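In case you want the letters, here they are:
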Amino acid sequence: MGLRHFLSLNDLSASELKLIIDRAIALKASLQDNRTRDVMRGKVAVLVFEKNSTRTRISFECGIAQLGGHAVFMGPAESQLSRGESVEDTARVISRMSDLVIMRTGAHERIEEMANSALVPVINGLTDFNHPCQLLADLQTYIEYRGDITGITAAWIGDGNNVCHSWMNAARILDFRLNIATPQEFRPNQALYDQCRSNVFVTDDPFEAAKNAEVVITDTWASMGQENERSERNNVFKPYRVDSKLMQCAHRDALFMHCLPAYRGQEVTAEVIDGPQSVVFPEAENRLHAQKALMKFLLDVND
Ligand code: CP
Ligand code: NVA
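Residues numbered from 1 in each chain as written. Chains lettered and ligands numbered in written order. Predicted model: local features only at pLDDT ≥ 70, side-chain atom pairs only at ≥ 80, totals over all residues. Heavy atoms only, no water.

For the rest of this paragraph, the subject is the packing of aromatic side chains. Inspection of every chain in the model, using the stated rule, returns five aromatic pairs. Arranged with centres 4.8 Å apart and planes meeting at 40°, the rings of Phe-186 and Phe-237 form a pair that is tilted. Of the two residues, Phe-186 is situated in the loop between strand 6 (177-181) and helix 7 (190-196) and Phe-237 in helix 9 (residues 230-237); the sequence distance between them amounts to 51 residues. The class for Phe-186 is buried, based on a relative accessible area of 13%. For the pair Phe-237 and Tyr-240, a centre-to-centre distance of 6.4 Å together with 75° between the ring planes defines the contact as edge-to-face. By relative accessible area, which is 6% here, Tyr-240 ends up buried. Site record: aromatic cluster; members linked through ring pairs are Phe-186, Trp-221, Phe-237 and Tyr-240. Between Arg-57 and the ring centre of Phe-73, over which it is positioned, the NZ or CZ distance is 3.6 Å. The ring of Tyr-193 has Arg-197 sitting right over it, with the charged end atom 4.3 Å from the ring centre. (Phe/Tyr/Trp six-rings, centres within 6.5 Å; stacked < 30°, edge-to-face > 60°. Helix = DSSP H or I, 4+ residues; strand = E, 2+ residues; numbered from the N terminus. Buried < 20%, exposed > 50% of the residue type's maximum accessible area, 1.4 Å probe, protein only. Lys NZ or Arg CZ within 6 Å of the ring centre and 35° of its normal.)

Once that is clear, we can look at the sheet that holds strand 3 (residues 100-104). One open sheet holds the four strands; their spatial order is 2-1-3-4, and the pairing between them is parallel. Edge positions in the sheet fall to strand 2 (70-74) and strand 4 (122-124), since each of these pairs with one other strand and no more. Within this sheet the neighbouring strands show an average axis-to-axis angle of 20°, counted without direction. (Pairing = 2+ DSSP bridges. Axes fitted to C-alpha atoms, helices over the stretch in contact; angles between N-to-C directions.)

For the rest of this paragraph, the subject is the environment of Gly-75. Mapped onto the secondary structure, Gly-75 falls in the loop between strand 2 and helix 3 (87-97). In this structure Gly-75 comes out as buried when scored by relative accessible area, which is 3%. Taking C-alpha positions, Gly-75 is 5.0 Å from Phe-49, a pair spaced 26 residues apart along the chain.

The subject of this paragraph is the pattern of salt bridges. Tallied over the full model, the rule gives twelve salt bridges. Here Glu-229 makes a salt bridge to Arg-233, at a shortest N to O gap of 2.8 Å. We classify Arg-233 as buried; its relative accessible area is 4%. Of the charged contacts in the structure, one is a salt bridge between Arg-264 and Asp-274, with a shortest N-O distance of 2.8 Å. Taken together, the positions of Arg-264 in the loop between strand 9 (255-258) and helix 11 (270-273) and Asp-274 in the loop between helix 11 and helix 12 (280-299) put the pair ten residues apart, joining distant regions of the chain. The partly exposed category is assigned to Arg-264, whose relative accessible area is 42%. (Salt bridge = Lys/Arg side-chain N within 4 Å of Asp/Glu carboxyl O.)

Time to look at helix 3. Regarding helix 3, the residues found buried are Val-87, Thr-90, Ala-91, Ile-94 and Ser-95. Taken down its axis, helix 3 places every buried residue within 115° of arc, on the same side. Facing away from the buried surface of helix 3 by more than 90 degrees, the exposed residues are Arg-96 and Met-97. Those residues of helix 3 hidden inside the fold are in contact with strand 1 (44-49), strand 2, strand 3 and helix 4 (108-117). (Arc of directions from axis to C-beta. Contact = heavy atoms within 4.5 Å.)

Below, the discussion takes up the pairing of strand 5 (residues 153-157). Burial within strand 5 is extensive, with five of its five residues counted as buried. The two faces of strand 5 match: Thr-153, Ala-155 and Ile-157 on one face and Ala-154 and Trp-156 on the other face are all buried. In this sheet, strand 6 lies alongside strand 5 in parallel orientation, the contact comprising five bridges. Looking at the pairing, Ala-154 lines up with Leu-178 of strand 6. The β-α-β motif built from strand 5, the intervening helix 6 (residues 162-174) and the parallel element strand 6 has right-handed crossover chirality. Pairing analysis gives three bridges linking strand 5 to strand 8 (residues 215-218), with the strands arranged parallel. Each bridged residue has a counterpart across the sheet, and for Trp-156 the counterpart in strand 8 is Ile-217. (Right-handed = clockwise from strand over helix to strand, strands pointing away.)

Now for the sheet that holds strand 6. Spatially, five strands are ordered 7-6-5-8-9 in an open sheet, and the strand pairing comes out parallel. Two strands lie at the open edges of the sheet, namely strand 7 (200-203) and strand 9, each paired on one side alone. Neighbour-to-neighbour, the strand axes of this sheet turn through a mean angle of 20°, independent of strand direction. Helix-sheet contacts for helix 5 (residues 132-146) involve strand 8 and strand 9, and the interaxial angle to strand 9 is about 165°. Packed onto the sheet, helix 6 meets strand 5, strand 6, strand 7, strand 8 and strand 9 and runs at close to 155° relative to strand 6.

What follows is the structure in structure tokens.
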């Protein structure tokens, strides 16, 4: 396999995406049975993070360690990027020494620049535009709980943000319906919506979106970098809070998902996120398994 990057779910075919999820489920079972293989022995992955993280950093570092590899972490203030060194030069340097780059940044163009100059695979650990690693875990979680996702109805409630964009890609690739309810001014990216129109329906009515949905998903109303808009956003998004009334409108067995970090009482009530329909912690755990499967795929070290 030639050099492959993972900047978007669109970098995988439907069959590759399904294969990675199947392997993630298998890796989860092998970890539980203590059968992990050192397929990354001697390999080094560099994490270049220009934004904060708990799950993404920990899941990659733990996953790399479990596969016998080594992770080097560069946080927002540590590298020369924060002092103006170009992404291109950073990519050229890192990829002469390591086997894999995982980048978290703001503008999506920065990760494209990283991939364009890197000699090793680059994985998107979140940009302002999308969060494809999150979707690997979310899809794995849905499939583990409910089986095939093709043909279902999913409902995204809240901000048309990076995680929403990756759900849109997933809906198109795996052919399920995604209803998105957002205030008018926070709708998802129009060009992406145009690509996904046969699978994505956008409304400003959260009850219309949630109706009969098999999974209801939300995210923070103020993503990283939008902290100073929080109070204004809290007002606009109030009708989009996921509470028990909204969950009752969904399918009676609907799952609740959230990428975390969550803000109880804002985008979701404690009753829902801590209630029986919520799968947010298995979802967070699946970041570990899904990304191990992704790294094995990109490094072409499948056994
Ligand atoms: N869901 C997610 O990516 O969490 P972190 O920001 O903690 O990495
Ligand atoms: N939309 C959120 C996701 C965090 C994992 C953000 O970008 O901050």
